[in-house]
Amino acid sequence: KDHLTSISSICFGKIKAASHQLVSGGRDQVVNVWQMEEKCSLARSIPVFEEVDGVATVSVAELRQACGELKKSKEPFVQWLRSDKRPPPYLILTVGSKCLLRVWNPTDGKCIATLESPHAAKGVMRQVHCVDRTGTKIVTIGDDMNIVIWSLPEFKVASYIMGHNEEIVHVQLIPSLSWQDADEETAGAKASVSADRFVCIANDEHPRVVSVVGFGASLLRGHTDLVISCDVSADGRWIATGGKDQSVRVWSAETCTCVCLVAGHTAPVAAISFPKKRPKGPKGAAVADKLPLIVVSGSYDKTMKLWELPSPEKLAAAAAEGAVLEVQKAKITVIAHTKEVNDITIAPNNKCLASGGQDKLVRIWAFPEIKLLGELKGHRKAVWCVAFSPIDQIIASSSGDATVRLWNLRDYTPIRAFQGHTGAVLRVSFLANGMQFMSSGADGLLKLWQIRTADCAATFDEHDGKVWCVDIVGDRMLSGGSDSKLCIWRDSTSEQAKERHDVMAELAMKDTRIGVLIKEGKIEKALSLALDLDRPGQMRSIVTNYAMDTVSKTLEEQSNEGSKDASGASQKDVNLRRWVRSLSREQLEKFVGIVEQWNSNRRMAPMAQMFISLLLAEVPAETLQKLEGMNATCANLLSYFERHQARVEALLQKTFVFDLVLQSSGMGLALMDEFDNVEKADESSLPKGPYNPKGNTSKSEAALKSTMEVLLGGTSGDTKRTAEDDDDDSDADEDEEEEEEDNMEVAATGEDDEEDEESEEEDVKAAAPLQKKARTK
């Protein structure tokens, strides 16, 4: 009850082995210490003169023990720990509205140490905690939603953990150059480039140098307002940042300390660029270290400035000493655009630079003279990014009009426009091969474009909001956006090509394997392998070829009795029923789909019907019911069954007419088994004619009569003969039932039996001229 406002944080301080005190901090700018033994009585109130957000305690004994390892340290807090002969059992740490970390003595209420906040977002800290029992590690959590780990007793920042970021406005990979087998006397060694760290700028005043592995970060503390622009030198040693504090700061990428401060703009610095030409070898790098470092900056004040900084040797010496060099005046200043300058980049050969602005223009300047060479007009909205091709005299620009345009640097004419984004294109970057580039947009998409064809090769939608930035070094790409995501991408083109090659090689091996199996007569294994490869055409050819080979060999064996083909003996073991039973569930699902596809094809329908009968006969109904999509498959099969049945019936009817024509011409093909009975008939009972002097009626006339009877319903004798041909074991009762069924089918046409007899007589009369023509022939 001794706090006047709400209590924001509490913790316990250890006095003895089994005795503790309670420490509480509140918005009333007071820290209270309570005795736990006597009904929580108030032991001391410490005025801290700020609203307390977090309190923590650390053991003094552990800190004094750690001081023994810091014999040469001159930190005031370390000196106090060594000099105080009667230290308190613990110390109180507080964070609050003043953005400071302070250390208090609970015995006398005095402030022992005060440290500035390493956090961004104006340095506001919300919580402080002790993370180990020894008390040598504490963590602070700030409004920047990140965690800082401190090392005690020296109170130095040990590490930085990125918990959550707001919008990621800029990311850029830090290249690392190395030369292998380089001859220092010649400057022609080729450098290998890698990128294991990157610069990340969130919506605050502290840029971060982040490791690709583990995302461990180091802060670049120095700006007093939001940082909105950044660039990394070609050799990866220096980082330049610009912000709304109207200043440009140059940092050492190795030590993450500020080495140079540049001031001169009257508005936020929106664009920065180092020269992009990399040294050709160790000797070239040594020469470049002695030359002044050049930086070009562009601002919302519509100007572009070229700054000549001290040489890298002097900057490295300043970093070692902890000093910050200052440059007050730019070497060259020009009015670059009629509106704000959005982006600046220098060409890979350091001969020109490009700038893009809110005035919808891209301007090309000579470097380092900063003289205007040409203007690129064509965008309908502000230009957000410009990028030079690494292999050709081409520049790409992205704009708020949702397009990326390529320009020819020889005559400053447009080459091609790339359309595909549904919002503003915020960033564009070429790949190392120079034949592709990546673009990011406000629609949350990353698109990979082919320059020759203007086609979008791939689209990536990993981000959920605007993709503000993208950078590519070697085979690694980095992107960040308004969704607070940092995405690291790896080029997998070679891996995918290798996978495709392996798949094709495997398919070729399996194709060869199928041919070998067929040659060895292992038809069932060949069918299974073709099914696994999803080759319905090859399965059809295997079955068809096997059937034709079997027929031809059977005929050959019948003609040459006793001769047998050794290769054909192995194919006699083929059993399609056994093969159907051996299929797994996955193979069965695939095979049912193939049969369904075959059944919809008129040419493949007979084979499909054969396999359907095998499936129904050999596969249990329970197994078929469990197949995915079996209901729809059955519906499709039944619909095509009706069509196939109608087609077969129509074909059967056509064969009767064909038989009729052949028989009327004296070459009957049906009822050949009855011609012997016609020859044995009583010749005297047959009438004589001019073409039959012996009184014999031709065989065609008898066959014609029998065929007509079949077409028109037939008689009981014809039905019996047909039944005898179909099944020799049928009796007279079954013949009568078949006769009734045939008569019922004929009666379905709407005519009764009497009309059928009349039509039969008329058809016989109509066929008489055909018989005369046959006899004439």
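The structure under discussion appears in the preceding block.
Keep in mind that this is a model prediction, so the values were computed, not measured.

**Q** Got a minute to help me understand the pattern of salt bridges in this structure?
**A** Should the charged atoms of two oppositely charged side chains come close, the side chains can pair. Here the structure, examined in full by the defined rule, presents 20 salt bridges. Taking the shortest distance from any N to any O, the salt bridge between Glu375 and Arg363 comes out at 2.8 Å. Of this pair, Glu375 sits in strand 29 (residues 371-376) while Arg363 sits in strand 28 (residues 362-366), placing them 12 residues apart in sequence. The exposure class assigned to Arg363 is buried, which follows from its relative accessible area of 13%. Residues Arg577 and Glu618 are paired through a salt bridge, measuring 2.8 Å at the closest nitrogen-oxygen approach. Of the two residues, Arg577 is situated in helix 9 (residues 576-581) and Glu618 in helix 11 (residues 605-618); the sequence distance between them amounts to 41 residues. Among the charged side chains, a salt-bridge network with shared partners connects Arg27, Glu51, Asp53, Arg126 and Asp143.

**Q** What am I meant to see in the side chain of Gln436 here?
**A** Residue position: Gln436 is located in strand 35 (residues 436-441). What makes Gln436 buried here is its relative accessible area of 14%. Once residues lying within four places of it in the same chain are set aside, the contact partners of Gln436 are Phe430, Leu431, Leu448, Trp449, Gln450 and Ile451.

**Q** Help me out: how do you make sense of the packing of helix 10 (residues 585-599) against helix 11 in this one?
**A** To characterise two packed helices, one gives the angle between the axes of the helices and the distance between these axes. At their nearest, the axes of helix 10 and helix 11 sit 8 Å apart, and the two run at 145° to each other. Helix-helix and strand crossings are classified by hand; for helix 10 and helix 11 the assignment is left-handed. For the pair formed by helix 10 and helix 11, the contact residues are Leu588, Phe591, Val592, Val595, Trp598 and Asn599 on the first element and Ala605, Met607, Ala608, Gln609, Phe611, Ile612 and Leu615 on the second. Taken together, the residues that form the contact of helix 10 with helix 11 break down as 11 nonpolar, 2 polar and no charged.

**Q** Before we go on, may I ask you to explain the nonpolar core in this structure?
**A** Within soluble globular proteins, side chains that are nonpolar generally end up buried alongside one another. The biggest cluster of nonpolar side chains holds 40 residues, and the ones touching the most others in it are Phe77, Leu93, Leu101, Ile138 and Phe155. Sorting elements by how many residues they give to this core places helix 2 (residues 76-83) first, with 4 residues. Beyond its immediate sequence surroundings of up to four residues, Phe155 is in contact with Phe77, Leu93, Leu101, Val103, Leu115, Ile138 and Trp150. By size, the runner-up hydrophobic cluster in this structure holds 35 residues, among which are Leu531, Met539, Val574 and Met604.

**Q** What am I meant to see in the packing of aromatic side chains here?
**A** The description of an aromatic ring pair uses the distance of the two centres, along with the angle that the planes make with each other. Overall, the coordinates contain 12 aromatic pairs when judged by the stated rule. Summarising the aromatic geometry, the rings of Phe77 and Phe155 are spaced 5.2 Å apart at their centres and angled 75° between planes, so their arrangement reads as edge-to-face. In this pair, Phe77 sits in helix 2 while Phe155 sits in the loop between strand 11 (147-151) and strand 12 (156-161), placing the two residues 78 residues apart along the sequence. Phe155 shares its class with Phe77; the two are buried. Counting every residue linked through ring pairs, the aromatic cluster contains Phe418, Phe430, Phe437 and Trp449. Directly above the ring of Tyr640 sits Arg643, whose terminal nitrogen or CZ lies 4.7 Å from the centroid.

**Q** For this particular structure, what's the right way to read the side chain of Ser479?
**A** Following the sequence through the fold, Ser479 ends up in strand 39 (residues 476-480). Overall, Ser479 belongs to the buried group, its relative accessible area being 0%. Polar side-chain contacts of Ser479 include one of 2.9 Å to the side chain of Trp489. Beyond its immediate chain neighbours, meaning those up to four positions away, Ser479 contacts Val171, Leu446, His463, Val467, Cys469, Val470, Lys485, Leu486, Cys487 and Trp489.

What counts, and at which threshold
- Residues numbered from 1 in each chain as written.
- Predicted model: local features only at pLDDT ≥ 70, side-chain atom pairs only at ≥ 80, totals over all residues.
- Heavy atoms only, no water.
- Salt bridge = Lys/Arg side-chain N within 4 Å of Asp/Glu carboxyl O.
- Helix = DSSP H or I, 4+ residues; strand = E, 2+ residues; numbered from the N terminus.
- Buried < 20%, exposed > 50% of the residue type's maximum accessible area, 1.4 Å probe, protein only.
- Contact = heavy atoms within 4.5 Å.
- Axes fitted to C-alpha atoms, helices over the stretch in contact; angles between N-to-C directions.
- Left-handed = near helix turned anticlockwise from the far one by under 90°.
- Nonpolar A, V, L, I, M, F, W, Y, C, P; charged D, E, K, R; others polar.
- Core = buried A, V, L, I, M, F, W, Y, C linked by side-chain atoms within 4.5 Å.
- Phe/Tyr/Trp six-rings, centres within 6.5 Å; stacked < 30°, edge-to-face > 60°.
- Lys NZ or Arg CZ within 6 Å of the ring centre and 35° of its normal.
- Polar contact = N/O pair within 3.5 Å; in protein donor to acceptor, adjacent residues only side chain to side chain.

In short, geometric facts, not functional conclusions.
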